[in-house]
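Inside the fold
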Amino acid sequence: MRWLIALATVIALSLAAALALRTFKPAQPEAVGPVSCPDATLRPTAVLPQTAAAPLQLVVEPSVVLIIDGAEPGSSLLEGEHTLLATSRGQKPAKWKLHVDAFNPVLLEVRASSGAVTVLMVGGRCASCAAAVTDLDLKYRPGTLGDLSGVAKALAEGDWLEAGHMMRGIAPSEREAPEPTRLLAVLYAFVGRPTLVREQLAALDDEALREALTRRDALEELKPVRQLQTATARWNATTERFQRVTDRFVAEAPQPLTVLTRKFGELSTGFGSAQEAKDAIGCEAALEAANAALGESILSLRAMRPADCAWQRRITEAF
């Protein structure tokens, strides 16, 4: 009897083992996503950025502290986006992103009024604001809720849509005072209406602002002179970048770099002609085209081995 029980036990264990083998599924390796290289999204920055910095004119009310990119602003800003913060005790602070173009002078007039700090800009644009795709409708609408405090607080954060809505609640006769006139100029600046900005500023009797605007306009007239003065240095720096890229990758990517070399030769001839003719626009066009062609070639190189981080680092090092 005992041997029958033992046999039954062995058979049961054997069946259990067989069942376990059929139902057992070995652990599968976790799926590995595509490799993301930190350098893969890097693009070439402008060469010699300080030579093309935008001159900065400031008119800041004494009670206001203006900070750009975490520090007190100097006499110029590099091309691109900058974080602007302007504060005053008891007032809503102004905070938005300012974009400046190379060489283009910028005027910032900063003031605390109507419960908020607002910044009037001339020569720059708001990079964090909604895009203005339609005409701005500021026609007075009786019964619409709106006052100067609402306008100023909306403009402090670059919300020109809300500021426009608030302005529609202010009667035309009440918009002629200095404060609403200036806020209208701020509003028009946010939506990219420079002619209307100037019309509002012309109605203001503000000597400090007028003098700063005159200095800013004088610097704008000198923009072609600055461009020509720095064109050769910027072209040489661009050429050096082109040579680094071609020298390091022509053996591995002959086709895109042959195309780039041919294009660069044509642009070099055009740049030389524009420089000889003292044609600032022609020089800038050649520089822009050269950097665009170089950027396209770098994108092509990155796309060849997107998951090869060593390859991506080599490309970045060639900038």
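Data block above holds the structure.
Just so it is clear, the structure is predicted and the values come from calculations on it, not from any experiment.

What counts and what doesn't
- Residues numbered from 1 in each chain as written.
- Predicted model: local features only at pLDDT ≥ 70, side-chain atom pairs only at ≥ 80, totals over all residues.
- Heavy atoms only, no water.
- Core = buried A, V, L, I, M, F, W, Y, C linked by side-chain atoms within 4.5 Å.
- Buried < 20%, exposed > 50% of the residue type's maximum accessible area, 1.4 Å probe, protein only.
- Helix = DSSP H or I, 4+ residues; strand = E, 2+ residues; numbered from the N terminus.
- Contact = heavy atoms within 4.5 Å.
- Disulfide = S-S within 2.5 Å.
- Pairing = 2+ DSSP bridges.
- Phe/Tyr/Trp six-rings, centres within 6.5 Å; stacked < 30°, edge-to-face > 60°.

Considering the nonpolar core
If you look at the biggest cluster of nonpolar residues, it comprises 52 residues, and the most contacted ones within it are Trp96, Leu108, Phe190 and Leu201. Per element, the largest residue contribution to this core is eight residues, and it comes from helix H4 (residues 178-190). Those residues in contact with Leu201, other than ones at most four positions away along the chain, are Leu120, Val122, Ala185, Leu209 and Leu213. With 24 residues, the next largest nonpolar core counts Trp235, Phe249, Leu260 and Leu301 among its residues.

A word on the state of the cysteines
Taken as a whole, this structure holds two disulfides when the rule is applied. Between the sulfur of Cys37 and that of Cys309 lies a disulfide, 2.2 Å long from S to S. Measuring handedness by torsion sign, the sulfur bridge of Cys37 and Cys309 sits at about -90° and is left-handed. Residue Cys37 is located in the loop between helix H1 (2-23) and strand E1 (54-60), and its partner Cys309 is located in helix H10 (residues 309-317); the two are separated by 272 residues in the primary sequence. Take Cys37: its relative accessible area is 4%, and that puts it in the buried class. Paired by a disulfide, Cys126 and Cys129 hold their sulfur atoms 2.0 Å apart. Every disulfide takes its handedness from the sign of the S-S torsion; for Cys126 and Cys129 that torsion is 85°, giving right-handed. An identical accessibility class is assigned to Cys126 and Cys129; each is buried. Taken N- to C-terminal, the disulfide-bonded cysteines of the chain are connected 1-4, 2-3.

A closer look at the sheet that holds strand E5 (residues 94-100)
Strands sit in the order E2-E4-E5-E8 across an open sheet of four strands; the sheet is antiparallel. Two strands close off the open sheet at either side, each with one partner strand: strand E2 (65-68) and strand E8 (125-126). Here two bridges tie E5 to E8, and the two strands are oriented antiparallel to one another. Counterpart to His99 in the pairing with E8 is Arg125.

Let's talk about the packing of aromatic side chains
Going through the model one piece at a time under the given rule, you end up with five aromatic pairs. On the numbers, 5.1 Å between centres and 80° between planes, the contact of Trp96 with Phe190 is edge-to-face. Taken together, the positions of Trp96 in strand E5 and Phe190 in helix H4 put the pair 94 residues apart, joining distant regions of the chain. For Phe190, a relative accessible area of 6% corresponds to the buried category. Ring geometry for Phe249 against Trp311: centres 5.2 Å apart, planes inclined by 75°, an arrangement best described as edge-to-face. Within this pair, whereas Phe249 is found in helix H7 (residues 223-249), its partner Trp311 is found in helix H10, the two being separated by 62 residues in sequence.

By themselves, these are just geometric observations and shouldn't be taken as functional.
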